[in-house]
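Below, each chain spelled out in residue letters.
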Amino acid sequence: MTSSSLRKVVIPAAGLGTRFLPATKAVPKEMLPIVDTPTLQYIVEEAVSAGVKDVIIINGRYKASIEDHFDVSYELEHTLSERGKTKDVEALKKISSMANLMSVRQKHPLGLGHAVLCAKHLVGNEPFGVMLGDDMIDAEDPGILQLWRAYQKHGKGVIALMEVPPSETHLYGIAAGEMLDERTMKITKIVEKPKTNPPSNFAVIGRYLLPPSIFGHLEKTERGVGGEIQLTDALAKLMETEGLLGYRFTGTRHDAGDKVGYLKANLAFALKRPELKSGLMPYLREVVAKEDGKK
Ligand code: G1P
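Reading the values: rules and limits
Residues numbered from 1 in each chain as written. Predicted model: local features only at pLDDT ≥ 70, side-chain atom pairs only at ≥ 80, totals over all residues. Heavy atoms only, no water. Helix = DSSP H or I, 4+ residues; strand = E, 2+ residues; numbered from the N terminus. Buried < 20%, exposed > 50% of the residue type's maximum accessible area, 1.4 Å probe, protein only. Contact = heavy atoms within 4.5 Å. Axes fitted to C-alpha atoms, helices over the stretch in contact; angles between N-to-C directions. Parallel < 35°, antiparallel > 145°, perpendicular 65-115°, else oblique. Nonpolar A, V, L, I, M, F, W, Y, C, P; charged D, E, K, R; others polar. Left-handed = near helix turned anticlockwise from the far one by under 90°. Near = heavy atom within 4 Å. Polar contact = N/O pair within 3.5 Å; in protein donor to acceptor, adjacent residues only side chain to side chain. Areas by Shrake-Rupley, 256 points an atom, 1.4 Å probe, with all protein chains shown as cover.

Q: Can you help me understand the environment of Leu-80 in this one?
A: The residue Leu-80 is located in helix 3 (residues 74-82) in this model. Taking the relative accessible area as the measure of exposure, Leu-80 reaches 14% and is therefore buried. If sequence neighbours within four positions are ignored, Leu-80 has contacts with Lys-85, Asp-88, Val-89 and Leu-92.

Q: Just checking my understanding: could you explain the packing of helix 10 (residues 259-271) against helix 11 (residues 274-294) for this structure?
A: In contact at an axis separation of 8 Å, helix 10 and helix 11 are set at 125° when each is read in the N-to-C sense. The angle between the axes of helix 10 and helix 11 places the two elements in the oblique class. Together, Leu-267, Ala-270 and Leu-271 of helix 10 and Leu-276, Lys-277, Leu-280, Met-281 and Leu-284 of helix 11 make up the contact between the two elements. In the contact of helix 10 with helix 11, the residues fall into 7 nonpolar, no polar and 1 charged.

Q: What's the story with the packing of helix 3 against helix 4 (residues 86-97) in this structure? I'm lost.
A: Between two packed helices, the angle of one axis relative to the other and the distance separating the axes together describe the packing. For the pair helix 3 and helix 4, interaxial distance at closest approach is 8 Å and the crossing angle is 160°. Considered as vectors, helix 3 and helix 4 are oriented roughly antiparallel to each other. Judged by the sense of rotation from one axis to the other, the crossing of helix 3 with helix 4 is left-handed. Note on element contacts: helix 4 touches helix 3 through Asp-88, Val-89, Leu-92 and Lys-93, opposite Leu-76, Glu-77, Leu-80 and Ser-81. Across the contact of helix 3 with helix 4, the residue classes break down as 4 nonpolar, 1 polar and 3 charged.

Q: What should I look at first to understand the site of the ligand in this one?
A: Inspection of the region around the ligand gives Leu-112, Leu-132, Asp-135, Tyr-172, Gly-173, Glu-192, Lys-193, Val-204, Gly-206, Tyr-208, Gln-230 and Thr-232 as its neighbouring residues. The contact in question runs from an oxygen atom of the ligand to an N or O atom on the side chain of Glu-192, over 2.7 Å. Backbone polar atom of Val-204 to an oxygen atom of the ligand: 2.6 Å apart, as the coordinates give it. In isolation the ligand has 380 Å² of accessible area, and contact with the protein removes 78% of it. Per-class residue counts for the shell around the ligand are 5 nonpolar, 4 polar and 3 charged.

That is the geometry; function is a separate question.
This is the structure in structure tokens:
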């Protein structure tokens, strides 16, 4: 296969965000910040650093705040310019120019597979990435780019995998198969959130690099786990017809869709910034000492 850039990614952002109520009553979960930046911006930045130009957001309610965030904000930029805050203006301009944002409305909450299917007409006949906002991958080498390289090498759909403790396999899509090398798995079985007998402890993490033929499988996919049209079920069909690979990516994954995971992500990203770390560390030590004292 020729070496070219990945052009398009789909980011499903139509969930109700019930785990973060009441914060998500009027704000989409994807706009909740990690330190001072919406989770969605980190995901878009990952796509952009992989060379992606077109970002397709699948929206539910609250389309406006997501679109506004990636749009030009003349008033804000003007006011900040007048106050001499050039750095802030530059940062805002960067957000609005980083990608071509397109959005599609998912009119019915029918699940992840259905959300991806909503992007069919915008993706067209080319491979594309799917990036889930709950999964943040903090890596030198952008997660979606790692998958794109594997896709180009093997010419097959690739999904991100990570080993999880056996007690957590019921929370994920689980894949099993044969390791082709240290990182690449030829998947022979994939199931969504197995309640019993998981085929392995390799969990599907929210980065997928898919051929356009996935849409045909999604169109035929019936409702599965939770009464939803599951991407995992369409992936199982793709596996049978064309083959499917898993890729054990490098980097740290944060589950921003879980409260503890979200708090950990905030801490991890804050501690990477020296100006925040210096204020946070003494406080963290104090909290730990207090908690230890209680034992
Ligand atoms: C979705 C997928 C699941 C995957 C998970 C990763 O589930 O359906 O296969 O393992 O994302 O975060 P969700 O967490 O949206 O229920």
